[in-house]
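Chain by chain, the residues run as shown.
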Amino acid sequence: MSTLIDAAPTRSRALSTTTPNPRPFRLVRHSLALAKRSLIKTWRTPEALIDVTLQPVLFLIIFVYIFGGAVAGSTHDYLQFLLPGILAQTIATGAIAIGVNLNTDIAKGIFDRFRSLPIPRSAPLVGAVLGDVVRYVIVTVSTLAIGYVMGFRIETDPFRAIAGCLLAVLFALCLSWLPVLVSMKVRTPGAVQGLMFALIMPLSFASNVFVGADTLPGWMQAFVDVNPMTHLVASVRGLFLGTPVGNHVWWTLAWCAGFVALFMPLALRAYRKKI
């Protein structure tokens, strides 16, 4: 009897050592694994990158060569002014794809499989957002590449230029939690795309993307001054061209923090209810 009693703590200790305990970086590890899945999916369907490769090319060519002379009197001057704005607009609209893709995956039942796996419930969403970083890098590179072919030149140093690119990518990464939330609320991918365009387009056009904010009507400038796109574009222009930045970088970072603080918890809550 004493042998059995003495052996009981030994067995309990053995069971405790074989039971997996939660790890601080468990969510990060599983999220990165699912982000790799998103990258493989993108690699196998390169046509999904049309919106982040072809769209900035078309926007730059159309607006510079059709409207540049009328707006700025010089296509080159307008290209210098416009490219940071097109980068901000394209990288923001590029975030819509994550909502469409997530909604499609949910309809196909892929997230039902994730639910059966021993992973944190939020890992699929976090992994999808992290995997989209590649899309944002691609749109940044493609916009600058076509801009340089057309004659755009960065007028500051490489460190500020890289900082401008990283700020744009960070903005899109944080903003992407909004389409993630929308994808959890609506029923079809088309509804996600339509609703997100209805939200992003006013932010793009009622800003300093295409023209200076001081040329807009006074009643609109009140919205333009607090528009997150305005702060992002002014920040990128300053870092690319050396124009005054003021507090726009800090406002952009504040908007990024606000997007994550507001939309990420709501998206995760909606995901837990939906799945």
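Check the entry above for the structure.
These numbers were taken from a predicted model, which means no experiment stands behind them. (Residues numbered from 1 in each chain as written. Predicted model: local features only at pLDDT ≥ 70, side-chain atom pairs only at ≥ 80, totals over all residues. Heavy atoms only, no water.)

Caption draft 1: Structural detail: helix α8 (residues 133-150). The end-to-end C-alpha separation of α8 is 26 Å, in line with the 26 Å expected for 18 residues at 1.5 Å each. Those residues of α8 that sit buried are R135, Y136, V139, T140, S142, T143, L144, I146, G147 and M150. In this fold, the buried residues of α8 make contact with α3 (50-72), α4 (75-94), α5 (96-108), α9 (158-175) and α13 (228-241). Two residues or fewer after α8 comes G151, characterised by a positive phi angle close to 120°. (Helix = DSSP H or I, 4+ residues; strand = E, 2+ residues; numbered from the N terminus. Expected span 1.5 Å × (residues − 1). Buried < 20%, exposed > 50% of the residue type's maximum accessible area, 1.4 Å probe, protein only. Contact = heavy atoms within 4.5 Å.)

Caption draft 2: Geometry of the packing of α9 against helix α14 (residues 248-274). Where α9 contacts α14, the axes come no closer than 8 Å and their chain directions differ by 25°. As summarised for this structure, α9 and α14 are arranged roughly parallel, according to the angle between their axes. In this structure, α9 crosses over α14, and the sense of that crossing is left-handed. Two secondary-structure elements touch here, α9 through L167, L170, F171, C174 and L175 and α14 through T252, L253, C256, F259 and V260. Along the lines of polarity and charge, the residues of the contact of α9 with α14 split into nine nonpolar, one polar and no charged. (Axes fitted to C-alpha atoms, helices over the stretch in contact; angles between N-to-C directions. Parallel < 35°, antiparallel > 145°, perpendicular 65-115°, else oblique. Left-handed = near helix turned anticlockwise from the far one by under 90°. Nonpolar A, V, L, I, M, F, W, Y, C, P; charged D, E, K, R; others polar.)

Caption draft 3: Representation of empty space enclosed by the protein in the model. Tallied over the entire structure, the rule returns one cavity of 30 Å³ or more. If you add up the space inside the largest cavity, you get close to 30 Å³. Taken together, F114, R115, I119, P120, R121, P124 and Y271 make up the lining of the largest cavity. When the residues that make up the lining of the largest cavity are grouped by side-chain class, the tally is five nonpolar, no polar and two charged. (1 Å grid on protein atoms, 1.4 Å probe; cavity = no way out; pocket = protein on both sides within 12 Å on 5 of 7 lines; lining within 4 Å. Points joined across faces, edges and corners; volume = space filled by probe spheres on them.)

Taken by themselves, the reported measurements are silent on function.
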